[in-house]
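For reference, the chains in residue letters:
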Amino acid sequence: MKIRKIKEKISWLGSVDWDSRLFDSLIPLPDGTSYNAYLIEGSEKTVLIDTVDPPMAKEFMAQLEGIPKIDYIVSSHAEQDHSGTIMQVLKKYPGAKLISTPKARGLLIDLLSIPENFFITVEDGETLSLGDKTLKFIYTPWVHWPETMVTYLEEDKILFSCDFFGSHIASSDLFVTDQGRVYEAAKRYFAEIMMPFRSTIKKNMKKLASFDIEMIAPGHGQIFPEPAFIMDAYNKWVEGAPKNTVVLPYVSMHKSSELMVKHLVAALVEKGVRVEQFNLAVTDIGKLAMALVDAATIVVGTPTILAGPHPYAAYAAFLANALRPNTKFLSVVGSYGWGGKTVDVLAGMIPNLKVEVIDPVLCKGVPTQDVLRQLDDLAATIAQKHREQGYT
Ligand code: FEO
């Protein structure tokens, strides 16, 4: 991809990654992603905001071939998918200074061995004149990592947000053209990257509310020419108001736990509760993470294996604990052969979740009619609790 003009003297550079299917060796990328950097040419100074993931460096450096000078590189976030090509840029423009928060400076030195003499650290709210354009640096901690900041271009009212408001989408469209598609990808991204820091992200949203933003240019995905769309979505997600939804990750070995899950799902649906069911043997964990954003209740379905939950169920519990959704209730269903401590093990894995545990339904072998009645009761209890809380 060649350098692309956003507005007069403001350009996109970067790489559209159509092929990657896993990020950080963890996060599924069903739609690929992009690594976005931005060039702002002021009347006196030229600034590059962020760079690209090192495997994309060749394409990126080729985009810079026609750019005679860069005075500053802004590093919004020290993670390598944005910072990993900074050293190559500094080698090409040895007079450039690297602007970051003090925390990012430390991380960039640790991760990329960038020499200290290149750095200028900025305070929250500090401005930098480029001549006819002015940058304002706004600390937005925990937009993935603790050191993060965003940059506001005052004259053009553009927010360069790096991971904030990002989405993993590979597209030849520079700007958002399909809000439905972007909403889904951005929610998945929020769940995977931002949800654990929901309260800090909420503070960051409040901070940004005082800025007149006409465009958001993120570090991944497409540019938002109508920022209200994504800001409204974020304001909802950070509130984390649970919906009348049960998220049901499950795994089954010999179909007994699956029978229980299917019966429970049917009973919940009959009682007006929405269900998101995930077979952990085949599921996309990004979809599971996304469902957790709105889940009032999690029910884990698992057989007992070697005296505890199936490892896939343990993985789901670990993930939910790490992502810290605002879930209120939790239960467990599943089948066992001769005994074990499945519920105790799972309950011990979720200290971050402030949930009320609803009595689990476990059964020996194939579920009997009595077990199915217990599952009906569990569905009724969940529906009742959701009603009492006013979840819709
Ligand atoms: Fe896109 Fe946290 O890096």
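Residues numbered from 1 in each chain as written. Predicted model: local features only at pLDDT ≥ 70, side-chain atom pairs only at ≥ 80, totals over all residues. Heavy atoms only, no water.

## Observations concerning the pairing of strand 22 (residues 361–364)
Every second residue of strand 22 is oriented toward a common face, the buried set being Val 361 and Cys 363 and the non-buried set Leu 362 and Lys 364. Of the strand pairs in this sheet, strand 20 (residues 329–336) and strand 22 are connected by four bridges, and their pairing is parallel. Paired with Ser 335 across the bridge in strand 22 is Cys 363. (Buried < 20%, exposed > 50% of the residue type's maximum accessible area, 1.4 Å probe, protein only. Helix = DSSP H or I, 4+ residues; strand = E, 2+ residues; numbered from the N terminus. Pairing = 2+ DSSP bridges.)

## Concerning the pattern of salt bridges
A side chain of one charge can pair with a side chain of the opposite charge if their charged atoms are brought near each other. Under the definition given, this model contains 16 salt bridges. Across the pair Lys 287 and Glu 184 runs a salt bridge, and its minimum N-O distance is 3.2 Å. Within this pair, whereas Lys 287 is found in helix 9 (residues 285–292), its partner Glu 184 is found in helix 5 (residues 179–194), the two being separated by 103 residues in sequence. Judged by relative accessible area, Lys 287 falls into the partly exposed class, the value being 38%. Taking the shortest distance from any N to any O, the salt bridge between Asp 284 and Arg 188 comes out at 2.7 Å. Pair noted here: Asp 284 is in the loop between strand 16 (274–279) and helix 9 and Arg 188 is in helix 5, with a separation of 96 residues, a long-range link. Accessibility expressed as a relative area gives 24% for Asp 284, which makes it partly exposed. What makes Arg 188 buried here is its relative accessible area of 9%. (Salt bridge = Lys/Arg side-chain N within 4 Å of Asp/Glu carboxyl O.)

## Observations concerning the packing of helix 5 against helix 9
Close contact between helix 5 and helix 9 brings their axes to 8 Å; oriented N to C, the two are set at 85°. Classified by the interaxial angle, the pair formed by helix 5 and helix 9 is roughly perpendicular. From helix 5, Glu 184, Lys 187, Arg 188, Ala 191 and Glu 192 reach across to helix 9, where they touch Gly 286, Lys 287, Ala 289 and Met 290. Of the residues contributing to the contact of helix 5 with helix 9, the split by class is three nonpolar, one polar and five charged. (Axes fitted to C-alpha atoms, helices over the stretch in contact; angles between N-to-C directions. Parallel < 35°, antiparallel > 145°, perpendicular 65-115°, else oblique. Contact = heavy atoms within 4.5 Å. Nonpolar A, V, L, I, M, F, W, Y, C, P; charged D, E, K, R; others polar.)

## Digging into the domain arrangement of the chain
With domains assigned, the chain is organised as domain 1 (4–239) and domain 2 (243–385). With 14 residues of domain 1 in contact, the opposing surface of domain 2 contributes 15 residues. Taken as a group, Lys 187, Arg 188 and Met 195 account for 39% of the area that domain 1 buries against domain 2, more than any other trio of residues on that side. Between domain 1 and domain 2 we count three salt bridges in total. (Domains from an automatic or database assignment. Buried area = accessible area lost by both parts, 1.4 Å probe.)

## Things to note about the sheet that holds strand 13 (residues 158–162)
Remark on secondary structure: sheet strands pair via backbone hydrogen bonds, oriented parallel or antiparallel. Pairing is mixed across the open sheet formed by five strands, whose spatial order is 10-11-12-13-14. Every interior strand has two partners, whereas the edge strands, strand 10 (127–129) and strand 14 (215–218), have only one. Direction aside, the axes of adjacent strands within the sheet are offset by 20° on average. Of the pairings in the sheet, the one linking strand 10 to strand 11 (residues 134–139) comprises three bridges and is antiparallel in character. Bridge pairing links Ser 129 to Thr 134 in strand 11.

## Some words on the nonpolar core
Grouped together as the largest cluster of nonpolar side chains are 85 residues, with contacts concentrated most on Ile 70, Phe 165 and Tyr 234. Inspection of this core shows a minimum of three residues originating in each of domain 1 (4–239) and domain 2 (243–385). If sequence neighbours within four positions are ignored, Tyr 234 has contacts with Phe 164, Phe 165, Gly 166, Tyr 189, Phe 190, Met 194, Ile 201 and Met 205. (Core = buried A, V, L, I, M, F, W, Y, C linked by side-chain atoms within 4.5 Å.)

## Some words on the environment of Val 143
Inspection of the secondary structure assignment puts Val 143 in the loop between strand 11 and strand 12 (149–153). Placed 185 residues apart in sequence, Val 143 and Lys 328 show a C-alpha to C-alpha distance of 25 Å. When neighbours within four sequence positions are excluded, Val 143 is seen to be in contact with His 77, Thr 148, Asp 163, Phe 164, Met 194, Ile 201 and Asn 204.

## What about the environment of Pro 28?
Its place among the elements puts Pro 28 in strand 4 (residues 27–28). Along the sequence, Pro 28 and Phe 160 sit 132 residues apart, while their C-alpha atoms lie 25 Å from each other. Pro 28 has contacts with Arg 21, Leu 22, Arg 188, Glu 192, Asp 284, Ile 285 and Gly 286, leaving out every residue within four places of it along the chain.

## Describing the environment of Phe 164
The topology assignment puts Phe 164 in the loop between strand 13 and helix 5. Phe 164 sits 22 residues away from Ala 186 along the chain, and the two C-alpha atoms are 9.8 Å apart. In this structure, Phe 164 is in contact with Thr 140, Val 143, Val 150, Met 194, Ile 201, Asn 204, Met 205, Leu 208, Pro 218 and Tyr 234, ignoring residues within four places of it in sequence.

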